[in-house]
Amino acid sequence: MTKEYRTVTKIAGPLVFVEKTEPVGYGELVGVALSDGTTRRGQVLDTSKEAVVVQIFEGTSGMDKASGVRFLGETLKLPVSLDMLGRILSGSGDPLDGGPRVVPDKRLDITGSAINPWARDSPKEFIQTGISTIDGMNTLVRGQKLPIFSGAGLPHNDIALQIARQAKVPTATAEFAVIFAAMGITNEEAQYFMRDFERTGALKRAVVFLNLADDPAVERLITPRLALTAAEYLAYEHDMHVLVILTDLTNYCEALRQIGAAREEVPGRQGYPGYMYTDLATLYERAGKIKGRKGSITQFPILTMPGDDITHPIPDLTGYITEGQIVISRDLHRKGIYPPINVLPSLSRLMNAGIGKDMTREDHKSVSDQVYAAYAEGNDLRGLAAIVGKEALSDRDKRFLSFADLFEDRFVRQGREEDRDIETTLGLSWELLGSLPEGVLTRLDRKFIQKYHPAHKGERAAAAKP
Amino acid sequence: MEEKGQVYRVSGPVVTAEGIRPRMYDVVAVGQEKLMGEVIGLEGDRSIIQVYEDTSGIRPGEEVTNTAMPLMVELGPGLVKSIYDGIQRPLPVLRDRMGDFIRRGVSAPGLDRSRKWAFVPKAKPGDKVAPGQIIGSVQETKYIQHHILVPPRVSGTLSTINAGSYTVTETVAALDNGTPLQLMQKWPVRMGRPFRNRKMPDVPLITGQRILDALFPVAKGGTAAIPGPFGSGKTVTQHQLSKWSDAEIVVYVGCGERGNEMTEVLSEFPHLLDPKTGAPLMDRTVLIANTSNMPVAAREASVYTGVTIAEYYRDMGLNVSLMADSTSRWAEALREISSRLEEMPGEEGYPAYLAAKLSAFYERAGRVETLAGHDASVTVVGAVSPPGGDFSEPVTQNTLRIVKVFWALDSKLAQRRHFPAINWLSSYSLYGGILDKWYNDNVSPDWTRLRGWAMEVLQKEAELQEIVQLVGSDALPEEQQLLLEVARMIREIFLQQNAYHEVDSFCPMSRQLQLLSTIRRFSDLSTRAMEGTIPLSKIASMKSKEVLAKARFEKDFEGELKKVLELMASEFAAAGK
């Protein structure tokens, strides 16, 4: 039986200061018994011979200095087993669906450890999401971490759900699982996700962790770690391909700032702690593949950019860690285009590894480069056209201008249930490029133009005849 | 002398100990698991230690041992082709010992103790030897002859020296005062290795990247910074430099960056060939990977580990380049540790000594005369990741005060898929003048003028673009429209380079010259043709321009270029009729 201390000297926000303890380990789990008989959990943030600082996950409201503190001698662990699939758990891992506690196969430390870079396997299997702007222009591969940068009021949840529903590897039929971790989202949003999971039957293959807006903020710091621990268990011990959706990282970072302030730390940019980069990295870097193991972890973190500002510390530090980003645009959304993904600031760093001959199609890279360049040029010309009028533009410029419109209307826009395969997406790209003069297609090899360009369809048909 | 004390306090990676009296930067072992740490502060009878591994579970009262030695790296054959973490533990060995994840409390020597190397002496008994002198060599990889040097501060007369097969710790020679010499030596990472004197860096580091070699060259022994927002191509540029630059040894430090990027290097480098020797690139590369989720204190140490290894190869008379990606993550590690120490913060929470630390690091670059009298260099290229792409932040600004070359990455160019996304208007190289002589002697006597012309066209284009934004390009006089056309050719044909294309990825100087001269020729012919009242529309639609745009992707570049020149001549002749 561990000793109970009644030597709390100070309570500040989520932090409790305990004195005159026996040596306590850094990061140890703590149980606190309140005078009303309830218990809470926490973790040691700072330990010395004189005092221990404990962070309480559920918050400190209702606590007094007479609370009893026990140090449990171990770090926070998550009980895991295959029975977790289909379950809905709280942000600290307790059942919310009325079911029994998970009978553990193992109990795993939730902080996880860094994957040895030498043990990593490079992600290169193309995941088809059925969304043209992702598959064609910002291709996702297994083991990648690709966040969605969104803003308040934009349909990022719909996009995440559509991806979760449609994502598949065309060539393989391995087991997959979806892990959904909600951090500080509203009850209504959570319901929206849950309904969709139930409607499509995805819940059977999912583990859901819910920390809702009215749950304690400190708990948000452990929710994604529980989710990723469960993901690692399923991926590396049961060979599953796991898709992890984390939403909303902005709430996570707010919680981080709150704790930092309570600890009276020296703040970094905009009051966020200086170690936020490292802290976020310990989440995002848990995506990946390991040599010799079959499973993989692909991450889709969702964050809302405060004020749609991509230079805000949260999207900024995220972009420096993740392998690209999908940026949702308010302008496209206002135009009534779904999914309003702006391909220009979007990027997938691992795209080149997953596309090309034998994976998608030989012309994929050049076509996407060409579409990018043409859309960027057309988009730039919109500014000019607004000043001098469309008529004053040269013929070449007019063609680019109409390319940009066509691109948004035909390529970007698609239905919420529309699942386009990669052939359709690439075919669509060629069709749109066909509206430009052949001479400006400098990024395309002659052999690809002959093989795929709509203008050469006649020649190809003629050549195919004996 | 080892001494033992106790843990007093643990707060993240910072541990306070009592009962030991170390010097600053002594290495200590913390706790039962003997986690490695370094003393970074002394306060009364307490020592403040940054620990290189995760400190969860460490309790006050656990044992702390002072080794009374600073943090050292092992230098000797076997460094090349290795991949280390920030404190020189070989990652493959760590994987064998603790599995796919980095756990703690495992120490592993930097150099393999069991591997034998064939040592060939170059000195004989009775020879007087001085620090830095070469006493023999081993063949480290096919093209790297690894010289065995007398360690700094050691000198005397050789009493024995024997050829044969040795491990790194066996004695290969001895001095008459009894000092044994091995294939391996150790050196404290925070101290620069000595050399005789500094030399003027007047030879360029040829990188095969057109915009760098032609417009903003870095000298061998120089310093360069690549700042840019995320997604603008810092890492790709760093990879390109480590692949194609004409250094003999490349040390690549992945400091606080993505794990998958290191995997990419590891899977790609063994299959790529060094354009100079034809050997796999891995045969000249040392990798240091301390990814963003690995312990933050080891990240702080990783750049020093890297630069010390670079200096060691420099001392053999080689040209070494060091890539540090990214120095911002290193600065953040400093900030994190500083804030745990509750130091008074400077700008944006960075410690006040940030500038001093950065300049001390970049000063370890340089072209020198080594102790043995060789001409050798360490070139340092640091990536900077400014928050929000804002170059006015402290790390970028303090870096720019030190480095001589600035390659500014621009997210606007990256979004337009103009790669490398280096902005030609805001980038600069202060080596331009010093290196002109080399370029004019080795590339073409016309080089300086050609480069000046290209820069002038790009500069004028930027001015004209402002007008075009207001009135459209058709409103400009034809000669200015031609300039815009030529500038477009320079941008699209010369400055853009496809890092993923097997031919275009590396462009030798001779091709850079031909490509740029051909664009110049097109410009000259067009100017002359327009004086003879040929309309611009006719010139703009010439086929030779399109063929030229694709020539850089052809294996037979010279043949293709000849065709372009012929086509150009005939097209202009036809237009004149």
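For clarity, every value in this text was computed on a predicted model and none was experimentally measured.

### Re the overall build of chain A
Thinking step 1. Within chain A, the secondary structure is distributed over 14 helices and 20 strands.
Thinking step 2. Along the longest, intermediate and shortest principal axes, the C-alpha atoms of chain A span 90 × 50 × 40 Å.
Thinking step 3. Split into buried and exposed, the 466 residues of chain A put 59% on the buried side.
Thinking step 4. At a minimum sequence separation of 6, the contacts of chain A that also span at least 24 residues come to 72%.
Thinking step 5. Here chain A carries 57 positive and 62 negative side-chain charges, and the mean point of each set is 3 Å from the other.

### Remarks on the domain arrangement of chain B
Thinking step 1. The domain boundaries assigned to chain B delineate domain 1 (3-70), domain 2 (112-183), domain 3 (197-430) and domain 4 (447-575).
Thinking step 2. Once you take the C-alpha centre of each, domain 1 of chain B and domain 4 of chain B turn out to be 63 Å apart.

### Brief notes about the interface of chain B and chain A
Thinking step 1. With 76 residues of chain B at the contact, the number on the chain A side is 78 residues.
Thinking step 2. Summed over both partners, the interface of chain B with chain A comes to about 6,500 Å²; 52% of that surface belongs to carbon and sulfur atoms.
Thinking step 3. If you look at where chain B meets chain A, you find five salt bridges.
Thinking step 4. There are 35 residue pairs in polar contact (both at pLDDT 80 or more) connecting chain B and chain A.

### What to know about the side chain of R89 of chain B
All names here are of chain B.
Thinking step 1. Within the secondary structure, R89 is located in the loop between β8 (83-84) and α1 (91-98).
Thinking step 2. Of the polar contacts made by the side chain of R89, one reaches the backbone oxygen of V106; its length is 2.7 Å.
Thinking step 3. Apart from residues lying up to four places away in sequence, R89 is in contact with E53, I83, Y84, L94, V106, S107 and A108.

### A word on the packing of helix α2 (residues 156-166) of chain A against helix α3 (residues 187-200) of chain A
All names here are of chain A.
Thinking step 1. It is the contact of α2 with α3, at a shortest axis distance of 11 Å, that shows an interaxial angle of 25°. In terms of their interaxial angle, α2 and α3 are classed as roughly parallel. Seen from above, α2 lies across α3 with right-handed handedness. Listed contacts from α3 to N157, D158, L161 and R165 of α2 are E189, Y192, F193, D196, F197, R199 and T200.
Thinking step 2. In terms of residue class, the contact of α2 with α3 is made up of four nonpolar, two polar and five charged.

### A closer look at the pairing of strand β15 (residues 171-175) of chain B
Residues and elements named next belong to chain B.
Thinking step 1. Of all five residues in β15, four are buried; the element is thus mostly enclosed.
Thinking step 2. Relative to β15, strand β13 (residues 156-161) runs antiparallel, the two sharing three bridges. By the bridge assignment, L158 is partnered in β15 with L175.
Thinking step 3. Of the pairings in the sheet, the one linking β15 to strand β16 (residues 180-182) comprises three bridges and is antiparallel in character. Counterpart to A174 in the pairing with β16 is P180.
Thinking step 4. Between β15 and β16, which pair antiparallel one after the other, the connecting turn spans four residues, and G178 there sits at a positive phi close to 95°.

### Observations concerning the sheet that holds strand β11 (residues 134-139) of chain B
Residues and elements named next belong to chain B.
Thinking step 1. Here we have four strands laid out as an open sheet, ordered β12-β11-β9-β14, and antiparallel in their pairing. The outermost strands of the open sheet, each flanked by one partner alone, are β12 (145-149) and β14 (164-166). On average, each strand axis in the sheet is inclined to that of its neighbour by 40°, with strand direction left out of account.
Thinking step 2. Taken together, the five bridges between β11 and β12 define a ladder with antiparallel strand orientation. Bridged to I134 within β12 is L149.

Reading guide: rules and limits
- Residues numbered from 1 in each chain as written.
- Chains lettered and ligands numbered in written order.
- Predicted model: local features only at pLDDT ≥ 70, side-chain atom pairs only at ≥ 80, totals over all residues.
- Heavy atoms only, no water.
- Helix = DSSP H or I, 4+ residues; strand = E, 2+ residues; numbered from the N terminus.
- Buried < 20%, exposed > 50% of the residue type's maximum accessible area, 1.4 Å probe, protein only.
- Contact = heavy atoms within 4.5 Å.
- Lys, Arg positive; Asp, Glu negative; His and termini not counted.
- Charge placed at Lys NZ, Arg CZ, Asp CG, Glu CD.
- Domains from an automatic or database assignment.
- Buried area = accessible area lost by both parts, 1.4 Å probe.
- Salt bridge = Lys/Arg side-chain N within 4 Å of Asp/Glu carboxyl O.
- Polar contact = N/O pair within 3.5 Å; in protein donor to acceptor, adjacent residues only side chain to side chain.
- Axes fitted to C-alpha atoms, helices over the stretch in contact; angles between N-to-C directions.
- Parallel < 35°, antiparallel > 145°, perpendicular 65-115°, else oblique.
- Left-handed = near helix turned anticlockwise from the far one by under 90°.
- Nonpolar A, V, L, I, M, F, W, Y, C, P; charged D, E, K, R; others polar.
- Pairing = 2+ DSSP bridges.

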